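Structure assessment
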Amino acid sequence: MRQIVNIKIKQIAMKAITNGYPLILKDAVEPIVSPIEEGSLLRLVDSFDNYVATGYYGVQNKGIGWVLSRKEKEKIDIKFFNKKIRDAVKKRANFYESEDTTAFRVFNGEGDGVGGLTIDFFNGFYMVSWYSEGIYSFREDIYQALNEVVKPRGVYEKLRFNKNGQYMEQDDYVSGEKGEFPLIVKENGMNYAVYLNDGAMTGIFLDQRNVRAALRDKYSKGKTILNTFSYTGAFSVAAALGGSIKTTSVDLAKRSLPKTIEQFAVNGIDFELQDIKVMNVFDYFNYAARHGLKYDVVVLDPPSFARTKKMTFSTAKDYPKLLKDALKVTNDDGIIIASTNNASFHMKKFKTFIDNAFTETNTRYKILEEHRLPEDFTVPHNFPEFNYLKVVFIKVIR
Ligand code: SAH
């Protein structure tokens, strides 16, 4: 039997929790005196011991668990997960019907009522990501519910949590057909090669779908593109398909070279006409400045935090500098696409980074468009802070 633990919500956190805030922050509850097993059900009560909500205990960097239900009698069982997944699938009906797009998020954690769990669809295959040992303890019920609701060709999973102090980021085949990788998925008619069996990342970040479409459709024709922190070159592919003169992809990971070649190849683009540089973006900026290289469009999509031998980069601290570096290699009237998935600051703060960088370099600018998470990455109603993605298209006016 699963342990059920009563936990008292602190007065200061009551309002948020009763308003539907789904995350159980460590500081929102009275100190936990005896250890709680991961996956225990939490009976959240107010200071008079009245029932408020049911959650589960699962430690992530964000908090100690998630609210699952606000009905005292509701059981957390297969039926519960079946309904959550069914509702989520129903919301994505348009994606399931689309022939142009065969990769999307089916279940977005807290936005679909179960924090710590995401499910992505890749051309018939499902990839389930588990973000704590606690949610992983519901694995059997959740897989049964998933199989009841959809008919997966095959299921793969990724464990994204610490187990016994060891970071587990493995990939695993779970059930059904075994995929042949790369699996080719479509996104707005573009092809992307994905791997569900190859480490932490699949080869494509699905949350940037609308940004790739905008880049292809509105900003690429006849332009030169610099794609920094390019990973598998997904933005470069979009630009090339949009008619760019040439793309330059820069990433320091060695694997980015074959991966980017592969993404071009599955789209019938001659990679030899594109530039792919395996190097540090900041070294590339210096190189480009020395050689007088400038681009019409510069894409900035750094990880939230990165450490190399020479330096550490944190978006929360170093984004203005990144923008200033980018400005040096952007043509007059060019465009900078500034992106971050750092959840620790909001759009407003991100825009002050942008404003600071442009003001300090005496450069005028105009924001052309803004993107947040696409609609399949559902965010809890009334809590926009879970919408971590921030992308701003900035026109440089010189
Ligand atoms: N923009 C990509 C995703 C970027 S993921 C896309 O849309 O698919 C972050 C990437 O930044 C990783 O591939 C990592 O290797 C790379 N990276 C981190 N620090 C870097 C640095 N200093 N210079 C170049 N690449 C870096």
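Above this note sits the structure.
Just so it is clear, the structure is predicted and the values come from calculations on it, not from any experiment.

Analysis parameters
- Residues numbered from 1 in each chain as written.
- Predicted model: local features only at pLDDT ≥ 70, side-chain atom pairs only at ≥ 80, totals over all residues.
- Heavy atoms only, no water.
- Helix = DSSP H or I, 4+ residues; strand = E, 2+ residues; numbered from the N terminus.
- Rg over C-alpha atoms; globule rule 2.2 N^0.38 Å.
- Contact = heavy atoms within 4.5 Å.
- Areas by Shrake-Rupley, 256 points an atom, 1.4 Å probe, with all protein chains shown as cover.
- Lys, Arg positive; Asp, Glu negative; His and termini not counted.
- Charge placed at Lys NZ, Arg CZ, Asp CG, Glu CD.
- Near = heavy atom within 4 Å.
- Polar contact = N/O pair within 3.5 Å; in protein donor to acceptor, adjacent residues only side chain to side chain.
- Nonpolar A, V, L, I, M, F, W, Y, C, P; charged D, E, K, R; others polar.
- Pairing = 2+ DSSP bridges.
- Axes fitted to C-alpha atoms, helices over the stretch in contact; angles between N-to-C directions.
- Buried < 20%, exposed > 50% of the residue type's maximum accessible area, 1.4 Å probe, protein only.
- Phe/Tyr/Trp six-rings, centres within 6.5 Å; stacked < 30°, edge-to-face > 60°.
- Lys NZ or Arg CZ within 6 Å of the ring centre and 35° of its normal.
- Salt bridge = Lys/Arg side-chain N within 4 Å of Asp/Glu carboxyl O.

Structural notes on the overall build of the protein chain
Counting its regular elements, the protein chain contains 11 helices and 23 strands. Its C-alpha radius of gyration of 22 Å places the protein chain within 12% of the 21 Å reference for a compact globule of 398 residues. Dimensions of the protein chain, computed from the C-alpha atoms along their principal axes, are close to 65 × 50 × 40 Å. Pairs at least 24 residues apart make up 61% of the contacts formed inside the protein chain by residues separated by at least 6 positions. Taken as a whole, the protein chain presents about 18,700 Å² of accessible surface, with 50% of it coming from carbon and sulfur. Averaged over its 56 positive side-chain charges, the protein chain has a centre that lies 4 Å from the centre of its 49 negative ones.

Remarks on the site of the ligand
The ligand sits among 15 residues. The nearest are F229, D251, L252, V281 and D301. A distance of 3.2 Å separates a nitrogen atom of the ligand from a polar backbone atom of L252. In isolation the ligand exposes 580 Å². Once the protein is present, 91% of that is buried. Class assignment of the residues belonging to the shell around the ligand gives a composition of 10 nonpolar, 2 polar and 3 charged.

Observations concerning the side chain of S132
Its location among the elements puts S132 in the loop between β8 (125-130) and α4 (133-136). A distance of 3.1 Å separates a polar side-chain atom of S132 from the backbone nitrogen of I135. Once you skip the residues sitting within four places of it in the chain, S132 turns out to touch E38, Y56, G58, V59, Q60 and F161.

Describing the sheet that holds strand β5 (residues 65-69)
Read across the sheet, 5 strands follow the order β1-β3-β4-β5-β2 without closing on themselves; strand pairing throughout is mixed. This sheet does not close on itself; its edge strands, each paired only once, are β1 (4-8) and β2 (23-24). Inspection of the sheet shows strand β4 (residues 51-57) paired to β5 by 4 bridges, in the antiparallel sense. Pairing of Y57 across the sheet is with G65, part of β5.

Side note on the sheet that holds strand β17 (residues 275-278)
Ordered in space as β17-β16-β15-β18-β21-β23-β22, the 7 strands form an open sheet in which the pairing is mixed. In this open sheet, the two edge strands, each paired with only one partner strand, are β17 and β22 (364-371). Direction aside, neighbouring strands of the sheet carry axes that sit 15° apart on average. Across the sheet, helix α9 (residues 281-290) is in contact with β15 (224-228), β16 (246-251), β17 and β18 (295-300); its angle to β15 comes to roughly 150°.

Brief notes about the pairing of β4
Burial analysis of β4 places 7 of its 7 residues in the buried class, which makes it a mostly covered element. By the bridge criterion, 5 bridges tie strand β3 (residues 41-45) to β4 in an arrangement that is antiparallel. From the neighbouring strand, V45 faces β4, where its bridge partner is Y51. Between β3 and the antiparallel strand that follows it, β4, lie 5 residues; D49 among them carries a positive phi value of about 65°.

Observations concerning the packing of aromatic side chains
Taken as a whole, this structure holds 28 aromatic pairs when the rule is applied. Taking 5.3 Å as the distance between ring centres and 70° as the angle between the ring planes, the aromatic pair formed by Y21 and F383 counts as edge-to-face. You can see Y21 sitting in the loop between α1 (11-18) and β2 and its partner F383 sitting in the loop between β22 and β23 (390-397), a full 362 residues away along the chain. Look at Y96 and F104: their rings are 5.0 Å apart centre to centre, the planes differ by 80°, and that puts the pair in the edge-to-face class. Ring pairs connect the aromatic residues F95, Y96, F104, F121 and Y126, which therefore count as one cluster. Between the NZ or CZ atom of R2 and the centre of the ring of F138, over which it lies, the distance is 3.7 Å. The lysine or arginine in question, K390, covers the ring of F345, its NZ or CZ lying 5.1 Å from the ring centre.

Quick look at the pattern of salt bridges
Should the charged atoms of two oppositely charged side chains come close, the side chains can pair. Per the counting criterion, the structure on display carries 21 salt bridges. Note that K259 is salt-bridged to D198, the shortest N-O span being 3.3 Å. One end of the pair, K259, is in helix α8 (residues 256-265); the other, D198, is in the loop between β14 (190-194) and α6 (209-218), and 61 residues separate them in sequence. Judged by its relative accessible area of 40%, D198 falls in the partly exposed class.

These results come straight from atomic positions and should not be treated as a statement about function.
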